[in-house]
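The chain contents come next:
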Amino acid sequence: MPEDQNPYRWDTHQPALEVPATALIEAAVALLTRGGGGYLLGGRGMGKSVLLHQLHQELSRREGTRVLLIETLPMERTPEAVLASIARQVGVSADAPLEMREILDAAQVAGVQQLVLLFDELDQYAAEGELGRVLFNNLEGCRKSRSGRLGIFVAGGLGTLVLRDLLGSDFLSRARKFLMAPFTAGELRALAAPYSQRGAALSDEVLEAVMLASGGNPALVTFALQALWEHPSPSPRAVAEAFLDFQEHHGEFLRSFQRAVLRSGLSDTPQRALEVVRAHPGRVPMHVLQAAVADQQGALLVDQKDALNLLAAAGLIRIKGSLQSDPLCAWPVASILNLPGEASQGETLRARLVGDLQSILGRIHALAPDFFRPGRQRGEKQLVPEASFSAFLVLGLEGLGWQVEREAIHGAGRTDLKARHPVFPGAVAVVEVKIWPRNDYAAIHEQVVGYWSAGVEAGAAVVIADKPPKGWPGVYEQVCLQGRAVSWTRQPVVSSLTGHFEAIGQAGGAERRVDHLLFHLPRGD
Amino acid sequence: MAVIFNDPDPFERRDPVQGRHFFGRRRELERLQAGLHQGRWGGVFGLRKVGKTSLVRALSGGESRFIWLDIQTLLRPTPEAVCRALLRAASRTLSTDESAGLPSSPPDDHQALVALLAAALNGGARLVLVLDEVDLLFRASGLEPRLLALFRDLDGLARGSGRLSLVTIGRDPADFMALSRRLAPAGTRSRFSPLWLGPLTKSDADAMLAELGQRSGLNVGPRSLALAWEWSGGLPLLHRQFGSALLEVSREHNAAPRRSDSYAEEAASRYLERDTVLETAREIWRLLDSRYPEAATLLADLAAGRAVSPDASGTRSLRRFGLLSPGFALPRLLSWYVAEVAPPRVRAGA
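Treat the numbers as computed from the prediction; the structure is a model and nothing was measured. (Residues numbered from 1 in each chain as written. Chains lettered and ligands numbered in written order. Predicted model: local features only at pLDDT ≥ 70, side-chain atom pairs only at ≥ 80, totals over all residues.)

**Focus on the overall build of chain B**
Counting secondary structure elements, chain B contains 15 helices and 7 strands. Projected onto its principal axes, the C-alpha coordinates of chain B cover approximately 70 × 55 × 35 Å. Burial analysis of chain B (350 residues in total) assigns 47% to the buried set. Taking the intrachain contacts of chain B between residues at least 6 apart in sequence as the baseline, contacts between residues at least 24 apart amount to 73%. (Helix = DSSP H or I, 4+ residues; strand = E, 2+ residues; numbered from the N terminus. Buried ≥ 20, exposed ≤ 12 C-beta atoms within 10 Å, placed from the backbone. Contact = placed C-beta atoms within 7 Å.)

**Re the overall build of chain A**
Across its full length, chain A carries 21 helices and 16 strands. In terms of overall dimensions, chain A is globule-like: its C-alpha atoms have a radius of gyration of 26 Å, near the 24 Å expected for 525 residues. Structurally, chain A occupies a C-alpha span of about 90 × 55 × 50 Å along its principal axes. Considering chain A as a whole, with its 525 residues, one finds that 52% of them fall into the buried category. A fraction of 68% describes how many contacts in chain A between residues 6 or more apart in sequence connect residues 24 or more apart. (Rg over C-alpha atoms; globule rule 2.2 N^0.38 Å.)

**Considering the packing of helix α1 (residues 22-33) of chain A against helix α2 (residues 48-60) of chain A**
Residues and elements named next belong to chain A. Where α1 meets α2, the closest approach of the two axes is 10 Å, and the angle between their N-to-C directions is 55°. The angle between α1 and α2 falls in the class oblique. Judged by the sense of rotation from one axis to the other, the crossing of α1 with α2 is right-handed. For the pair α1 and α2, contact is made by L24, I25, A28, V29 and L32 and by L51, Q54, L55, E58 and L59, respectively. In terms of residue class, the contact of α1 with α2 is built from 8 nonpolar, 1 polar and 1 charged. (Axes fitted to C-alpha atoms, helices over the stretch in contact; angles between N-to-C directions. Parallel < 35°, antiparallel > 145°, perpendicular 65-115°, else oblique. Left-handed = near helix turned anticlockwise from the far one by under 90°. Nonpolar A, V, L, I, M, F, W, Y, C, P; charged D, E, K, R; others polar.)

**With respect to the domain arrangement of chain B**
A common way to state how big an interface is: give the accessible area lost once the parts meet. You can read the domains of chain B as domain 1 (23-196), domain 2 (202-273) and domain 3 (276-349). In terms of residue class, the side of domain 1 of chain B that touches domain 2 of chain B is made up of 2 nonpolar, 2 polar and 1 charged. (Domains from an automatic or database assignment.)

**Let's talk about the sheet that holds strand β5 (residues 192-196) of chain B**
Within a sheet, neighbouring strands are paired by backbone hydrogen bonds and run either parallel or antiparallel to one another. All names here are of chain B. Spatial strand order, β2-β3-β4-β1-β5: 5 strands in an open sheet with parallel pairing. Sheet topology places β2 (65-70) and β5 at the edges, where each strand pairs with a single neighbour. The average angle at which neighbouring strand axes cross in this sheet is 20°, direction not considered. Sheet topology note: the β2/strand β3 (residues 127-132) ladder contains 6 bridges and is parallel. Its bridge partner lying in β3, I67 is registered against L129. Along the sheet face, helix α1 (residues 26-37) touches β1 (41-45), β3, β4 (164-170) and β5 and points at about 170° away from the line of β5. Along the sheet, helix α5 (residues 145-161) makes contact with β3 and β4, crossing β4 at roughly 135°. (Pairing = 2+ DSSP bridges.)

**A look at helix α11 (residues 275-291) of chain B**
Here α11 of chain B spans 24 Å end to end across 17 residues, near enough to the 24 Å set by a 1.5 Å rise per residue. When we look at burial in α11 of chain B, the residues that qualify are T276, V277, L278, E279, T280, A281, R282, I284, W285, L288 and D289 of chain B. (Expected span 1.5 Å × (residues − 1).)

**Description of the interface of chain B and chain A**
Residue-level contacts link 26 residues of chain B with 32 residues of chain A. Counting only elements with at least two residues in the side of chain B that touches chain A, the list comes to α11 and α15 (344-349) of chain B. Per-element tally for the side of chain B that touches chain A: the top contributor is α11 of chain B, with 6 residues.

**Notes on the domain arrangement of chain A**
By the assigned domains, chain A splits into domain 1 (22-179), domain 2 (185-249), domain 3 (256-337) and domain 4 (345-520). Relative to domain 2 of chain A, the C-alpha centre of domain 1 of chain A lies at a distance of 35 Å.

**Re helix α8 (residues 222-232) of chain B**
Residue and element names in this part refer to chain B. All buried positions along α8 are accounted for by S224, L225, L227, A228, W229, W231 and S232. Where the residues of α8 are buried, they touch α7 (202-215), α9 (236-253), α10 (264-271) and α14 (332-341). G233 occupies a position one or two residues after α8 and carries a positive phi of about 65°.

**Some points on the packing of helix α18 (residues 349-366) of chain A against helix α19 (residues 386-399) of chain A**
Residue and element names in this part refer to chain A. One way to put it is that α18 packs onto α19 with a least axis distance of 10 Å and a crossing angle of 120°. In this view, α18 runs oblique relative to α19, as classed from their interaxial angle. The hand of the α18/α19 crossing is right-handed. Residue-level inspection shows D356, I360 and I364 of α18 in contact with α19, the latter providing F392, L393, G396 and L397.

**Topic: the environment of L157 of chain B**
Residue and element names in this part refer to chain B. Examined against the element boundaries, L157 turns out to sit in helix α5. Each C-alpha atom of the pair L157 and S325 lies 40 Å from the other, and the pair is 168 residues apart in sequence. Ignoring any residue separated from it by four or fewer positions in sequence, one finds L157 in contact with V114, L117, A118, L121 and L164.

**Some thoughts on the sheet that holds strand β4 (residues 150-156) of chain A**
All names here are of chain A. Strand order in the open sheet formed by 5 strands is β2-β3-β4-β1-β5, and the pairing between neighbours is parallel. In this open sheet, the two strands that pair with only one neighbour each are β2 (65-70) and β5 (176-179). Put simply, the sheet's adjacent strands are angled 15° from each other on average, direction ignored. The sheet strands contacting helix α6 (residues 130-145) are β1 (37-41), β3 (114-119) and β4, and the helix crosses β4 at an angle near 145°.

**Quick notes on the environment of H516 of chain A**
Residues and elements named next belong to chain A. Its location among the elements puts H516 in strand β16 (residues 510-520). Among the residues examined, H516 registers 26 C-beta atoms within 10 Å and is labelled buried. Residues H516 and H500, 16 residues apart in the sequence, show an inter-C-alpha distance of 5.6 Å.

**Overview of unusual backbone geometry**
Note that the residue after D326 of chain A, namely P327 of chain A, is joined by a cis bond; omega there is 5°. Relative to the assigned elements, P327 of chain A resides in the loop between β6 (317-319) and β7 (330-332). Put simply, W436 of chain A and P437 of chain A share a cis peptide bond, and its omega is -10°. For P437 of chain A, the location among the structural elements is in the loop between β12 (428-435) and α20 (444-450). Although it is not a glycine, E133 of chain B adopts a positive phi angle of roughly 55°. By secondary structure assignment, the location of E133 of chain B is in the loop between β3 and α5. Exposure remark for E133 of chain B: the 25 C-beta atoms within 10 Å place this residue in the buried category. A positive phi angle, close to 70°, is found at F328 of chain B, a residue other than glycine. Topologically, F328 of chain B is positioned in the loop between α13 (315-320) and α14. The exposure class of F328 of chain B is partly exposed, given the 14 C-beta atoms found within 10 Å.

**Points about the confidence of the model for chain B**
All names here are of chain B. On average, residues of chain B score 88 in pLDDT, and 91% of them are at 70 or above. For chain B, the element scoring lowest by mean pLDDT is α15, at 48; α8 scores highest, at 97. Every residue in residues 1-5 is under pLDDT 50, and counting partners more than four places away or in other chains gives 7 contacts. In the predicted structure, residues 345-350 sits below a pLDDT of 50 and forms 11 contacts with residues beyond four places in sequence or in another chain. Here the prediction assigns the complex a pTM of 0.90, and the interface score ipTM is 0.89. (pLDDT = per-residue confidence, 0-100.)

Written out as structure tokens, the structure is:
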């Protein structure tokens, strides 16, 4: 590869750069070489296919072991066609269709002591109903009766539960479960090593922004690193811009992600469980979770443990400790996959802006632990920089139907956000984000008013504090709004909002009403 | 000093076991063995992973020659496929001498199989045909006439020689019972005798944990044995999983010598986190809910602590599957799963 050629490819199953899931691969190899069966549960983009390729590579090094990676269903969707394909790949031919045990016997004669079958896209088999059940039950029968000579490993999402529970798979009944997990910060850093190698390491802020936007979803992480490679000066705002492009050009990925886990039509339990975790981040009462899934809809009945595992394997929630804990220690993961989906219905641009900002801030509150980084002192934590919050707000607003101006998020000395909404053509909203008490927080009102150019109809100041002073609204009013005409507005809809002021400023001889949203973000861990 | 074998976790077994991994079941083995000697047809039925295949494997090794066919290894269990696979299995098991005198080109696999078995029986062999996952033969639309003809021929060989037995393994014997009644000559009783396989006896269950513990350097004490029994009800795979949880916790404590009773309670909570345990409970519940709804209702009532009549419908199924003790107690695992984890829509309807 030429020295500066982009080493990242987010849309391939065999990337040039990989972060091997060493522990998972070792466990799977040990299982399969004993002739065991396993299944890998994961959401879209979580790296299942990449892991299957890694497994294939690892197992293929073993003498006497033949490994087949079956990436998709054959055109002819019958179990016989799948077996015929396996026979061909193993180099076994016969006049009549062969049973799997006959293929195994013939392969043994040809020197194959052990055959390992790796199946990707299990959901495709589950969608075919009988095909999936018959095929995998047949393979399972062979695996059990040819002790040690056949290993089977499959990867899928919700379809795995369909195959197991609706269709009654003997294979999945005995198979060992493996769960995919999002990249950790350390794994992201390892994947970003080529930046250091070319002398331009990504800053902590950029890596944090990548993590916040991607949630550690390997495909999204790789997408961000691929996009940033071409960028002259990667920044959190460049990360936001990359993901705006992603939302614009790869909507199908996001939709298929949702379909695979949350909107499959098979079961609404994962969605319900996710809503509960979002509503009770860090301390999820089990009775609330049970009640939420009590009247579940769909053909597939999913218990809450399965739902939690699915969400974790899709990178949508993070679980700490035992699944038996009550309350359960679980949080949603910050990511474009976990942004709020219901837009405000405000009748003015300003009402809609405030409503949508409150909705996004409410979600950030649920995602709180992801917005903290280690502090200077051991055990201490501090909020990520303003730019990271701003980048997340950009993505959140875009997800709610706003069009955020790309220029605004790049310009030094300009507002953090400048956005339009298609319902209000020609009107512009500006938003400034500050962390209390960092940088020039005290001048936030003036800054918003200063950005008030032609077409601007709404302005908001979002001020975030992890340890606000006692009586914060009063202190804030004194420090930031002294001399302004200030009024409390209606009770904030998001409980984490400590205050919501409307403050009036003057610009160009006209009154400018700025909404100040005071947002308390506790550490939450 | 404990002998520690090179097995990281001797408790952890999901597939059928044999040899030194097989424990207990003396009465069941004796009963099956006696049936085989009388040339009867036996069947072992019960829940998935309760040890049916392991039990029949434990029968082999005597003077009888076992010819195995797992119906599940047939993509489509058509009469042709069954005959072909049985012929293949029989050819592999029987020696060339035992196949001597066979017609050189039998008209089909059915005839070839019958001829091969007849030749072996005439030579004095004692044969046992094992059909695993036999329910699959009846899955689509009952038994095909050509399969009925095959069983009729096998029955004829069995009656004529007194040395051909058949052992079937499956979930439910009803279909095979009906088949064997059709095969029985008028006025005679069916030669088929099903055995419902349930949990291990308490003493076998204790002995299994103690022995496996010894193999891994773990001293499994009385408190641990009692808790394991309480949670698993003696269902072998679930019982082993308790041992595995004990081993896992003991390794974390890193205490030597490892005496399990000091962390038995901790192991009990860890037990509920194990995938195999949860999957097994889930599977039992789904089976009952979909195929034995009265048993599911009874299970839900018992799990909820509601009073039930000893004659409640569903009792028979729960007992047959070994899920209900004579004292009307459930394995605690099942009570927990149904009361706290099972999809509530099912519970509400129960």
